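Reading the structure
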Amino acid sequence: MNTIFARFLKDESGATAIEYGLIAALISVALITGATSLGGTLNNTFSKLSNKMNANAVNKL
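Residues numbered from 1 in each chain as written. Predicted model: local features only at pLDDT ≥ 70, side-chain atom pairs only at ≥ 80, totals over all residues. Heavy atoms only, no water.

Turning our attention to the overall build of the protein chain. Within the protein chain one finds two helices and zero strands. Here the C-alpha radius of gyration of the protein chain, 27 Å, is well above what a compact globule of 61 residues would show, namely 10 Å. Reported as C-alpha extents along the three principal axes, the dimensions of the protein chain are approximately 90 × 10 × 10 Å. Taking all 61 residues of the protein chain together, the buried fraction comes to 0%. Put simply, the protein chain shows about 5,800 Å² of open surface, and 68% of that area lies on carbon and sulfur atoms. (Helix = DSSP H or I, 4+ residues; strand = E, 2+ residues; numbered from the N terminus. Rg over C-alpha atoms; globule rule 2.2 N^0.38 Å. Buried < 20%, exposed > 50% of the residue type's maximum accessible area, 1.4 Å probe, protein only. Areas by Shrake-Rupley, 256 points an atom, 1.4 Å probe, with all protein chains shown as cover.)

What follows deals with a nonpolar patch on the surface. Together, Leu 38, Leu 42, Phe 46, Leu 49 and Met 53 line one region of the surface with nonpolar side chains, adding up to about 520 Å² of accessible area. Tracing the sequence through the fold places Leu 42 in helix α2 (residues 13-60). Residue classification places Leu 42 among the partly exposed residues on the basis of a relative accessible area of 40%. (Patch = residues over 30% accessible without salt bridge, like charges linked within 9 Å, V, L, I, M, F, W, Y side chains within 5 Å. Salt bridge = Lys/Arg side-chain N within 4 Å of Asp/Glu carboxyl O.)

Structural data, given as structure tokens:
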């Protein structure tokens, strides 16, 4: 019984899997945050461009 318990304490494969899972979760959070920020910036840029093009088209009429 002691050898089974000692082997269980020495086994670190579960801890390694948890560490890899945490790393993957942190990377995905960073990617989502970056994509959200980039998406907002692109939306603002294209909105400004659209407004300028519409204003220019109205002035030419």
